[in-house]
Amino acid sequence: INSSSQDNAIRGTNDDAVTSKLSAVNTGYIQDKYVKYFVRRPSKRPPIINRGTYVRNTGLDTLIMKFLEGGGENVKKQIVSFGAGSDTRYFNFKETSRKFYKYFEIDYPEVTSKKIAVIQKHKDLSDLIGNEIQIGKGGTEIYASDYCLISGDLREWEENIVSHLEEHHGFDRSIPTLFLSECVLIYMDPIDSNKIVQWVGENMIAAIFIVYEQILPNDAFGSVMLQNLRFRNIELRGIHAYPDLQSQKDRYLSRGWTRAEAVDINEVHDNYIDPGEISRISKLEFLDELEEWRLLASHYCIAWAYIIKDITTKSLFDH
Ligand code: SAM
């Protein structure tokens, strides 16, 4: 098994993510007008998967919105989405007139070129980006006023990506920045993913890092989860280094970050989502596999951490 066939398999996980998202949209869990453009073969997912997609999405959106709202809309902020795949958050934020200085997305060129083809095909997407759209690097990158889609390998974050962002696309180390890894860093060797965590901790003045990924590899459910992925030539390389909530937090705390939290999807479901919403989604589909849902939800977590070196930005994260 060579590494590039593994990289291909990892790129394929984006199709799963977006197909699941469309299933949750079509069943009424989440609202998103744009996901459908990125799915070639829609397929309906089982109720526990739809619920998982809902909780994942709502939990992450809640954290991202808090960041965007913190300190008021006039504070200059940027978002960096690692392995953004077909994520439509940028378009949804623009549709609701959310303001940010810049939204950066990074993925392999094979993935970004497809995203660009979809954007070019649908005027409602390109209209949200605005009229100053430039396409670069052989159709694998987009540069616009508040959106920047970059192609590259995150294993070369410091050498190739961040320098490119900084020199040509206005990435600014001195402003509050949210870094998002939704099922991305977990596929990388922890040596490579931690280079990014370390870099952010050392170089940014005020940053929040948000990760959504699998945990608990060692119980029966976890072993099956890993085995199923292995059949598809996919390894969760980071899961043994960060197998539970405590190690997820320690990943940042051991590197001097100001604060870190990690909760599993059960906890997000029970404590972080509006009960009215839970009651609404409960009516969408009958969920008879409650135990299975609890088990599945215990194997995914949201971890977030922030680092602040400038006291004036403290209010941004203190809630
Ligand atoms: N974040 C998106 C979401 O949650 O909908 C996509 C998640 S998908 C499971 C993982 C994405 O990470 C893929 O699009 C893959 O190409 C990207 N990715 C993984 N490793 C990468 C690397 N070393 N460099 C760039 N992109 C990478």
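Relevant structure appears above.
So, here's what we can say about the structure. (Residues numbered from 1 in each chain as written. Predicted model: local features only at pLDDT ≥ 70, side-chain atom pairs only at ≥ 80, totals over all residues.)

### What about the sheet that holds strand β2 (residues 102-107)?
Thought 1: Taken together, nine strands build an open sheet; the order of strands is β3-β4-β5-β2-β1-β6-β7-β9-β8 and the sheet is mixed. At either margin of the open sheet sits one strand with a lone partner, and together these are β3 (134-136) and β8 (259-264). Averaged over all adjacent pairs, the angle separating strand axes in this sheet is 15°, with direction ignored.
Thought 2: Strand contacts of helix α4 (residues 109-121): β2, β3, β4 (141-143) and β5 (147-151), with the helix running at about 140° to β5, the strand carrying the most contacts. (Pairing = 2+ DSSP bridges. Helix = DSSP H or I, 4+ residues; strand = E, 2+ residues; numbered from the N terminus. Axes fitted to C-alpha atoms, helices over the stretch in contact; angles between N-to-C directions. Contact = placed C-beta atoms within 7 Å.)

### Concerning the site of the ligand
Thought 1: Taken together, 20 residues lie around the ligand, and Thr-13, Asn-14, Gly-83, Gly-85 and Glu-182 are the ones closest in.
Thought 2: Here the shell around the ligand takes five residues from helix α1 (residues 3-26), the largest share from any one element.
Thought 3: Taken together, the residues of the shell around the ligand sort by class into 10 nonpolar, four polar and six charged. (Near = placed C-beta within 6 Å. Nonpolar A, V, L, I, M, F, W, Y, C, P; charged D, E, K, R; others polar.)

### Topic: the pairing of β5
Thought 1: In terms of burial, β5 is largely enclosed, as five of its five residues are buried.
Thought 2: Burial along β5 is two-sided: the residues Tyr-147, Leu-149 and Ser-151 and Cys-148 and Ile-150 are all buried.
Thought 3: Here β2 runs beside β5; their pairing, made up of five bridges, is parallel. Paired with Glu-105 across the two strands is Leu-149, which belongs to β5.
Thought 4: Both β4 and β5 contribute to a ladder of two bridges, which runs antiparallel. Opposite Tyr-143, over in β5, you have Cys-148 as the bridge partner.
Thought 5: Linking two consecutive strands that pair antiparallel, namely β4 and β5, is a turn of three residues. (Buried ≥ 20, exposed ≤ 12 C-beta atoms within 10 Å, placed from the backbone.)

### Let's talk about the packing of helix α2 (residues 47-69) against helix α12 (residues 290-297)
Thought 1: α12 packs onto α2 with a crossing angle of 40° between their chain directions and a minimal axis gap of 10 Å. By the angle between their directions, the pair α2 and α12 is classed as oblique. As for how α2 packs across α12, the hand of that crossing is right-handed. Residue-level inspection shows Ile-48, Arg-51 and Gly-52 of α2 in contact with α12, the latter providing Glu-292, Trp-293, Leu-296 and Ala-297.
Thought 2: When the residues that make up the contact of α2 with α12 are grouped by side-chain class, the tally is four nonpolar, one polar and two charged. (Parallel < 35°, antiparallel > 145°, perpendicular 65-115°, else oblique. Left-handed = near helix turned anticlockwise from the far one by under 90°.)

### Here's the deal with the packing of α2 against helix α10 (residues 265-272)
Thought 1: Look at α2 against α10: their axes get within 10 Å of each other, and the N-to-C directions meet at 70°. One element, α2, and the other, α10, form an angle in the roughly perpendicular class. Considering only the axes of α2 and α10, their crossing is left-handed. Listed contacts from α10 to Gly-52, Val-55, Arg-56, Gly-59 and Thr-62 of α2 are Ile-265, Val-268, His-269 and Tyr-272.
Thought 2: Taken together, the residues that form the contact of α2 with α10 break down as four nonpolar, four polar and one charged.

### Describing unusual backbone geometry
Thought 1: Although it is not a glycine, Lys-137 adopts a positive phi angle of roughly 45°.
Thought 2: Mapped onto the secondary structure, Lys-137 falls in the loop between β3 and β4.
Thought 3: The exposure class assigned to Lys-137 is partly exposed, which follows from the 15 C-beta atoms found within 10 Å.
Thought 4: Phi is positive for Leu-216, which is not a glycine, with a value near 55°.
Thought 5: Positionally, Leu-216 belongs in the loop between β7 (206-214) and α8 (220-231).
Thought 6: On the basis of neighbour counts, which here come to 19 C-beta atoms within 10 Å, the residue Leu-216 falls in the partly exposed class.

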